[in-house]
Amino acid sequence: MIDREAEYCDSLEGFTLCHSIAGGTGSGMGSYLLELLSDRWNRKLIQTYSVFPNQSESSDVVVQPYNSLLTLKRLTQNADAVVVLDNTALDRIAVERLHMENPTFTQINSLVSTVMAASTTTLRYPGYMNNDLVGLIASLIPTPRCHFLQTGYTPLTVEDEAGKVAGSNVRKTTVLDVMRRLLQPKNIMVSPHARAKDLSTSRYISILNIIQGEVDPSQVHKSLTRIRERKTANFIEWGPASIQVALSKKSPYVQSAHRVSGLMLANNTSIRHLFNKIMRDYDKLMGPNNSRR
């Protein structure tokens, strides 16, 4: 089926895979499909949207750490870019930012779909730059293995079951306010424990902000200057300390109450704490190394 769809493409650029890393189907079949795509089309870009398990709740799947660790190996070896979507952070954003007591699967999936739609908006409504998948991701990944990306989005809105729109308390949606809020840890969709442990020592490797709406490029330049002067983002010492910005139109099919919205795709060193948590859970499941021998 994939071969047939690929043959219909005039200029196949790459593949996008959506899966969970903890369940049986998402980790087993998803990572196996990822390996097959990498072997079959090794010159094509493979981007995944990988949902990481909720670290604050006990899982019904006993072998969740086992599935997660094996899937991480495939993601490291076979994917070109992995957009990390952490269920722990998604639940926290829904409860604290959107004021939902018990967020449903539909509402959490709405947050995921918002990020996915915003990250591909420059491909669906192409402009003069960042209009292909390779150009969008190339600036974010300095080395092939360092390709796990964090996301942040503002302002967030989600519809509840009654059709009411729940949103974060955002009043100002200027370009500077949007770009400043994207750098705040509470808007980043990675677990709190992965950010709070070394918030002062973590460093950004690269940042790409996708700003949607009618935006004047001069406003973007002024906003970048203000952020650089205030040193809001801490970058690595061995790389360029710059924030890439891509401007995009809003979808004409989705109504929004905000004039400007933004998505951040970032490569940050603090992502390692999320991996360490998975490894610690795996050690608890399998026992100490000596006992496994």
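Data block above holds the structure.
Reading guide: rules and limits
- Residues numbered from 1 in each chain as written.
- Predicted model: local features only at pLDDT ≥ 70, side-chain atom pairs only at ≥ 80, totals over all residues.
- Heavy atoms only, no water.
- Core = buried A, V, L, I, M, F, W, Y, C linked by side-chain atoms within 4.5 Å.
- Buried < 20%, exposed > 50% of the residue type's maximum accessible area, 1.4 Å probe, protein only.
- Helix = DSSP H or I, 4+ residues; strand = E, 2+ residues; numbered from the N terminus.
- 1 Å grid on protein atoms, 1.4 Å probe; cavity = no way out; pocket = protein on both sides within 12 Å on 5 of 7 lines; lining within 4 Å.
- Points joined across faces, edges and corners; volume = space filled by probe spheres on them.
- Pairing = 2+ DSSP bridges.
- Right-handed = clockwise from strand over helix to strand, strands pointing away.
- Axes fitted to C-alpha atoms, helices over the stretch in contact; angles between N-to-C directions.
- Parallel < 35°, antiparallel > 145°, perpendicular 65-115°, else oblique.
- Contact = heavy atoms within 4.5 Å.
- Nonpolar A, V, L, I, M, F, W, Y, C, P; charged D, E, K, R; others polar.
- Phe/Tyr/Trp six-rings, centres within 6.5 Å; stacked < 30°, edge-to-face > 60°.
- Lys NZ or Arg CZ within 6 Å of the ring centre and 35° of its normal.
- Salt bridge = Lys/Arg side-chain N within 4 Å of Asp/Glu carboxyl O.

J.: Would you mind going over the nonpolar core in detail, with residue names and values included?
T.: Within the largest apolar cluster, 41 residues are counted, with the highest numbers of intra-cluster contacts made by Phe52, Phe148, Tyr204, Ile207 and Met264. Per-element tally for this core: the top contributor is helix 8 (residues 175–182), with four residues. Formed by 31 residues, the second largest nonpolar core is a distinct cluster that contains Leu90, Leu98, Leu140 and Tyr153.

J.: Outline unusual backbone geometry, listing residues and values.
T.: Leave glycine aside and you will find that most residues have negative phi; peptide bonds, for their part, are mostly trans. Omega for the bond connecting Thr154 with Pro155 falls within 30 degrees of zero, at -10°, which places this linkage in the cis form. Looking at the secondary structure, you find Pro155 in the loop between strand 4 (148–154) and strand 5 (157–159). In this model, His99 sits at a positive phi of 60°, which is unusual for a non-glycine residue. For His99, the position within the fold is in the loop between helix 4 (87–97) and helix 5 (105–119). Positive phi, close to 55°, is recorded for Lys231, a residue that is not glycine.

J.: Kindly report on empty space enclosed by the protein, identifying the contributing residues and their values.
T.: The final tally for this structure, using the stated rule, is two cavities of 30 Å³ or more. Approximately 40 Å³ is the volume found for the largest cavity. What lines the largest cavity is simply Pro53, Gln55, Gln64, Pro65, Ser68, Ile278 and Asp281. Elements represented by at least two residues in the lining of the largest cavity include exactly helix 3 (64–78) and helix 11 (272–286). When residues in the lining of the largest cavity are grouped by element, the largest group, three residues, is from helix 3.

J.: Explain the pairing of strand 8 (residues 243–248) to me, using residue names and the numbers behind them.
T.: Two strands pair when backbone bridges link them, and strand 7 (residues 204–212) and strand 8 are joined in this way by six bridges, in the parallel orientation. Residue pairing in the sheet places Asn209 in a bridge with Val245 of strand 8. Of the crossover connections in this fold, the one passing from strand 7 over helix 10 (residues 217–230) to the parallel strand 8 is right-handed.

J.: Quick rundown of the packing of helix 4 against helix 5? Include the residues and the values.
T.: Running from N to C, helix 4 and helix 5 cross one another at 105°; their axes reach a closest spacing of 10 Å. The orientation of helix 4 relative to helix 5 falls into the category roughly perpendicular. Contact residues: helix 4 offers Asn87, Leu90, Asp91 and Ala94, while helix 5 offers Ile108, Leu111 and Val112. Here the contact of helix 4 with helix 5 is composed, by residue class, of five nonpolar, one polar and one charged.

J.: Kindly report on the packing of aromatic side chains, identifying the contributing residues and their values.
T.: The full count for this structure, using the stated rule, is five aromatic pairs. Considering the side-chain rings of Tyr66 and Tyr282, the 6.4 Å spacing of their centres and the 15° angle between planes classify their relative orientation as stacked. Of this pair, Tyr66 sits in helix 3 while Tyr282 sits in helix 11; the two residues are 216 residues apart in sequence, bridging distant segments of the chain. One aromatic cluster is present, formed by Phe52, Phe148 and Phe275 through successive ring pairs. Positioned above the aromatic ring of Trp41, the side-chain terminus of Arg40 is 4.7 Å from the ring centre.

J.: Tell me about the pattern of salt bridges, and please be specific about residues and values.
T.: Taken as a whole and assessed by the stated rule, the structure comprises six salt bridges. For the salt bridge of Arg40 with Asp3, the shortest nitrogen-to-oxygen distance reads 3.5 Å. Highlighted residues: Arg40 in helix 2 (residues 24–40) and Asp3 in helix 1 (residues 2–7), separated in sequence by 37 residues. A residue is classified by how much of its surface remains accessible, and Asp3, at 37% relative accessible area, is partly exposed. Its salt-bridge partner being Arg74, residue Glu35 comes within 3.2 Å of it at the nearest N-O pair. Pair noted here: Glu35 is in helix 2 and Arg74 is in helix 3, with a separation of 39 residues, a long-range link. Looking at Arg74, the relative accessible area reads 24%, which means it is partly exposed.

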